[in-house]
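Residue-level structural notes
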Protein chains: 2
Amino acid sequence: MTKKISYCSSLFSCLSLLFLFALISCDTADKTAKLGHQSILFTEASLGTIQEQYAQVPLFYESMQQTITDVDEQITLGIDVPEPKDLAGGYTHERHKLNYLTMQRAGKLYVITGEEKYKTYVHDMLRAYAELFPTLDRHPSKKSYSRGKLFWQCLNDANWLVYASQAYDCIYDQLSDEEKELLETKLFRPYADFLSIETPQFFNRIHNHSTWANAGVGMIGLVMNDEELVKRALYGLEDDGLNTEAKDNDGGSIKEEGQDRAGFLAQMDLLFSPDGFYAEGPYYQRYAIYPFVVFAASLENARPELKIFEHREGILSKAVYALLNLTDSDGEFYPINDAQKGMSYYSRELVSAVDIIYHFGGQNPELLSIAGKQNRVLLDASGFSVAQAIKDGKTKDFVPQSMELRDGADGSEGGLGILRMNYAGGDINAVFKYTAQGMGHGHYDKLSYALYDNGAEVLQDYGVARFVNIEQKYGGGYLKENKTYAKQTIAHNTLVVNQTTNYGGNIDIANKHHADRFFFDASQPDIQIASATDTHAYEGVRMQRTIALIADSLWERPLLVDVMDVESEKENTYDLPYYYFGQIISANMEYETLEARKPLGEKYGYQHIMEEARASSLMEDAKLSWMNDYRFYSWTAADSDADEFVFGRIGANDPNFNLRHDPMFMLRRKAKSTVFAATLESHGDYSPVSEFSRDAFAMVDAVEVLMQSDEYTAVEVRHHGGASFRLVICKKDNKADQAHTIEIESEKLSWTGPYFLQRK
Amino acid sequence: MTKKISYCSSLFSCLSLLFLFALISCDTADKTAKLGHQSILFTEASLGTIQEQYAQVPLFYESMQQTITDVDEQITLGIDVPEPKDLAGGYTHERHKLNYLTMQRAGKLYVITGEEKYKTYVHDMLRAYAELFPTLDRHPSKKSYSRGKLFWQCLNDANWLVYASQAYDCIYDQLSDEEKELLETKLFRPYADFLSIETPQFFNRIHNHSTWANAGVGMIGLVMNDEELVKRALYGLEDDGLNTEAKDNDGGSIKEEGQDRAGFLAQMDLLFSPDGFYAEGPYYQRYAIYPFVVFAASLENARPELKIFEHREGILSKAVYALLNLTDSDGEFYPINDAQKGMSYYSRELVSAVDIIYHFGGQNPELLSIAGKQNRVLLDASGFSVAQAIKDGKTKDFVPQSMELRDGADGSEGGLGILRMNYAGGDINAVFKYTAQGMGHGHYDKLSYALYDNGAEVLQDYGVARFVNIEQKYGGGYLKENKTYAKQTIAHNTLVVNQTTNYGGNIDIANKHHADRFFFDASQPDIQIASATDTHAYEGVRMQRTIALIADSLWERPLLVDVMDVESEKENTYDLPYYYFGQIISANMEYETLEARKPLGEKYGYQHIMEEARASSLMEDAKLSWMNDYRFYSWTAADSDADEFVFGRIGANDPNFNLRHDPMFMLRRKAKSTVFAATLESHGDYSPVSEFSRDAFAMVDAVEVLMQSDEYTAVEVRHHGGASFRLVICKKDNKADQAHTIEIESEKLSWTGPYFLQRK
């Protein structure tokens, strides 16, 4: 603690204390750091306030204390800047990562407390890097399309620079010109050039990798007041010499055809949709958001005239709100595309994003409830601003919304529909994906959806086949099963035509297309509904899927209705898999379990699914119930004579146990045009303590397809008590004000808009 | 609330209130119930105290309020006493169950509050039963060896009587002689005769079923002051005409050879070991404990001269403490034998047991912490006593202990060793089973163990293959896979010889034998160890397994050492399976995954395990690591040239998905005498939010068997940092004061006692 926050109960004790301070440590008397340059983290005024008041602002103070504990431990252990050698998860990788994280935190502690030891730690570490860096060639591992120097890939080197530039910023004003000269000529400028000019395939993409590179180069440019680096960061390299054939390790394009922009502003304009959705999905958006917000905050501090937070109508704020809405009830991101499950808004990136967007993006008090849950703040002006507002009791609840997030830079490339409906004690939540491919990290799962009951997965998205930073698992990198299974269409809850992945699994074709939104309506209390189409994933096949949540007093929890309308002029085999969790309680199919088991196929992910049982025909009302986490779930589907039914389990052809051996079931039908219609109910519960089961049986008796025409699909859901619901979905006209009239079973139905729900 | 607990802030308001009371309801003025007979639930004094003070005792008051809410709802819904038809989980079964539970609760509410509606409800319901009962033949389902009338099995009918007798007790004094006469002649006496004289195979066993029958008959006898019934309950039927060949549905004997006693006192003497262990295991002990404690409490109230709680040195108290110690960190019972997982000390039976043993068994303040967690108490003298003591701040923590619970009525039939060792932030807990068979609900798993890390299963005991009260699953009854899989030896973490279940799976032979304790020592801070032998499970094979937890600063969490010494004069195939959870992170065997999969065998449970991968030889130091719930686990085993290694998964030959498809691995060795030695480490962790992994690698480099002689087994565990540990286990002499000297690798080792741990 600095003197400023010492409180004295009397003049005498106050003077004694001052005397004591003077005795113990001569330099404590004026150790508060002052800014001599325009910091990227603080203004002169914000720093002064923090230095004076931080001990009175609990969340900030606790974050300081935690940081002091961690950094002091590292200071005690001493500096280690090893020669780069390992992949992710290995010692040198993890050490350099720990170094940049610690250095940045130590820097902030120095600015706030003025404690010399923190400055010394940062300075010593930077000098060690200034000694090491000039000796380095690219990293010995040749795995990456853009090999780094400290790390196996430039991406991590860029991470280093984003953090190290903040550390440098914090001690900048205390260094002599010679000291600065040394660090800048031996380390920072060559490092920035290495990441940009020397590695254009890394720096000049429209991609999260390049965002990190732009941010690192731009931030060190701002600290050093190097206009050339800042310009390079904002606008990219002018002549990158890249061609449009090149690919990165994930099969993503280095340079898209027609791409004529690069740099940070281009990332802001092109990587997000107008709704702030990021094509790769929330897991990568979480990762990507940090360089966006931290570079933007740096620019706002050092180049306020750019008004970066107002750029593109506040796109960075929109991106952060999109992220916060892309979470389940536990704050975990929906694992669409390459996403490791469990990542959440508790991550350090979201702490930064929430603090910075609160501070620079309009002080929305709902963000404070997220910051309160995160229970830590950034040790800078934005974090202080959040902690102060929480202390002042400004917090309001953040309630995630049902919403559609459009995809594509101009919002025209499909989107993601999030339906959330509350029930007493929880919520049902469907995440319906009709986006574009999502570049190299995209999965081939047009019109798939995942279902959550009160934060628990009911129908899962597998996510990524990867163990980030677990060295034993291929150095923490993408496992080959990610490509052969997790990305494939069959790995998702959506339609597979002729046992082939969307677009034949060709990324170049996939990148050119997207699904299309048809309609989305979350405005009604009794139904939330989204409908989307796709005509490119399979040639000659038009798919329209409609996902609805219906609230009715007949059901304790919202009922999900899932209608997949398929049109094709030739006969195809359609597979519609569902990945559930838990244990089968009852199934009305006459299935046969297989004692000699084989994989379900040979390619497109089928080789990874072991078939466990099969039914060659279905009952009129196909029904399957299972129990997961002491709750019952029932799926009821309209049948077709030609249907087969398969029970399977992930895990065939998995020589390194890289896949989770989770269960699935699948409907198979040979047809031209057809409709798959099903309901999914969450019902009742079971207590292993009282051993009571409640409402263990499905309430839906039957689902029937009433109509499939060029213009409409109609299905009926019958409750076992006799009530029924008809849902009519338009296929041609999605205008909200269009009137429709059709006849079903001699009954005339009239309505306005793209769908109609009739209760009988 | 009665007048007695109305508080008035001034005389005036008090008088107004009295006036109001008088106006509104003339009968409230003296509605407090009085006892006219010796109740089985209250003494005159305890009831008076409760009536006066219950509103000031929070836990009792809240339990009352919850009960009032539940019972009032049932009163509003009305009485339904349907004709018996269904199995467990079905309507009539669940309805009769709800009836007896509600009736008992309503009765207690009546006695405490004096509210007429509760008396009326109980009386009306009993009259409805008095009308129905005489019309009933045995239940239409013929599944049970002792068919009930209201339920498919007498067991549930006995449950009914245990609860209904309490309900009757509560309104007894308010009924006219004619009313009592009606209920007793039409319902209670014939009901008691039906459960006893008419169904001796149910009443006269030494078994939990019979305990319920004894309690029901005895309790209604106490209420009606019918000495004959009480005597029948305490001492059984004199001439039951049973033979020793008869079996129940679970294959348990109806009458053991030489059994010459029956009734409640015999159950107390024969069902528990001297340590209070119940042969069937804690799941059934939980179920069985209720009739024990509630009948005992009834006897203590109505026949205090019996001093039932002092019987056999307080065996009922011992049984309850044994139960409380047979739980993991979440209070869930170890699922040994036929046990449904998730059952815990939060069950209503344990609420009763804890309250009654607190009240009648010495007021141990540690029980109050369990009652506090349970957060509800019985609405009688014992519950009040607990709630009052909690209010008075008498609570002390109950800390479950490492302990050995001997099995067998005289404690000579093996036992269960519970080892618990704390580490910073949690505990490692091994449950080692060397008991007798456990009668009809026993599993064939001599010398098996299960391992817990901070309450989470690391190596699981499968438990039962049954979904209690879930109608779709065979009416909630035992599934056939319970017999074909869950009971078999291969389903457990223990040795299988020649792919055959212990005792060839013959229950009659199994019932005659037991494993033997060899030594148990939990007195040292750095090692807790249990060793047991078995010579009957497999003819000609002597097994001695030793399970130890070792604490050392080299390991963050206690290290488990598992040594299975096998002696045989002829060559056998030994299978040693381990049932883990989670995902394999690394394995150093050169295994081959199987794409066409088959079950591991054809019988003794092997037909239910699907083989996934196989290694035909092992590395010198066999090592397997997996991750579960973001924590790493590593198993390291000493090899033998002849070892094979199998990865498998439960779920073959499971046509109704009755089994959990959980993973396992297994060591297979062909040998005569041999030693299986392995360690299991819990290490490090992983955060899906920070994506940091910590200590993802095993610390044990190698495990080696140094010696197997007639007298000793010695193994060495080598830490990767160079340190090593030697554990020498005696095989012949288990005396604590015996001195030993041996030579290993030219080094002389001397110690006293049955084992020796040497650190090098």
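Look up: the structure comes first, before these words.
Let us look at the structure shown here. No experiment lies behind these values; they were computed from the predicted model shown. (Residues numbered from 1 in each chain as written. Chains lettered and ligands numbered in written order. Predicted model: local features only at pLDDT ≥ 70, side-chain atom pairs only at ≥ 80, totals over all residues. Heavy atoms only, no water.)

**Thoughts on the interface of chain B and chain A**
At the interface, 60 residues of chain B touch 60 residues of chain A. Interface area for chain B against chain A, summed over the two sides, is near 4800 Å², with a carbon-plus-sulfur share of 53%. Of all residues in chain B, Q472, F657 and E691 of chain B bury the most surface against chain A, accounting for 16% of the area lost on that side. Taken together, chain B and chain A are joined by 0 salt bridges. The interface formed by chain B and chain A includes 29 residue pairs in polar contact (both at pLDDT 80 or more). Sorting the residues of the side of chain B that touches chain A by element identifies α4 (91-113), α12 (282-302), β12 (583-587), β14 (609-615) and β17 (644-650) of chain B as the ones contributing at least two each. Element by element, the count of residues in the side of chain B that touches chain A is highest for β12 of chain B, at 4 residues. (Contact = heavy atoms within 4.5 Å. Buried area = accessible area lost by both parts, 1.4 Å probe. Salt bridge = Lys/Arg side-chain N within 4 Å of Asp/Glu carboxyl O. Polar contact = N/O pair within 3.5 Å; in protein donor to acceptor, adjacent residues only side chain to side chain. Helix = DSSP H or I, 4+ residues; strand = E, 2+ residues; numbered from the N terminus.)

**Observations regarding the sheet that holds strand β9 (residues 541-550) of chain A**
Working definition: the strands of a sheet are paired by backbone hydrogen bonds and lie parallel or antiparallel to each other. Residues and elements named next belong to chain A. One open sheet holds the 8 strands; their spatial order is β7-β8-β9-β10-β19-β16-β15-β12, and the pairing between them is antiparallel. Each having just a single partner strand, β7 (516-521) and β12 (583-587) make up the two edges of the open sheet. For this sheet, the mean inter-axis angle between neighbouring strands, taken without regard to orientation, is 15°. Where β9 meets strand β10 (residues 559-568), 10 bridges bridge the pair, whose relative direction is antiparallel. (Pairing = 2+ DSSP bridges. Axes fitted to C-alpha atoms, helices over the stretch in contact; angles between N-to-C directions.)

**Overview of the pattern of salt bridges**
Residues and elements named next belong to chain B. According to the stated counting rule, one finds 90 salt bridges over all chains in the structure shown. Of the charged contacts in the structure, one is a salt bridge between R631 and D453, with a shortest N-O distance of 3.1 Å. Taken as a pair, R631 in strand β16 (residues 631-638) and D453 in strand β4 (residues 448-453) lie far apart in primary sequence, 178 residues in all. Of the two residues examined, R631 and D453, each falls in the buried class. K731 is the salt-bridge partner of D565, the closest N and O atoms lying 2.9 Å from each other. Within this pair, whereas D565 is found in strand β10 (residues 559-568), its partner K731 is found in the loop between β24 (724-730) and β25 (739-744), the two being separated by 166 residues in sequence. Neither D565 nor K731 differs from the other in exposure class; each is buried. (Buried < 20%, exposed > 50% of the residue type's maximum accessible area, 1.4 Å probe, protein only.)

**Focus: the nonpolar core**
With 139 residues, the main nonpolar core has F60, M103, L126, W160, Y168 and F188 of chain B as its most contacted residues. Ranked by the residues each element gives to this core, the list is headed by α12 of chain B, at 14 residues. With sequence-adjacent residues up to four places away left out, W160 of chain B is seen in contact with H96, Y100, M103, L126, Y129, L150, F151, L187, F188 and Y191 of chain B. Membership of the second largest hydrophobic core comes to 138 residues, among which are M125, L183, V223 and L316 of chain A. (Core = buried A, V, L, I, M, F, W, Y, C linked by side-chain atoms within 4.5 Å.)

That is the geometry; function is a separate question.
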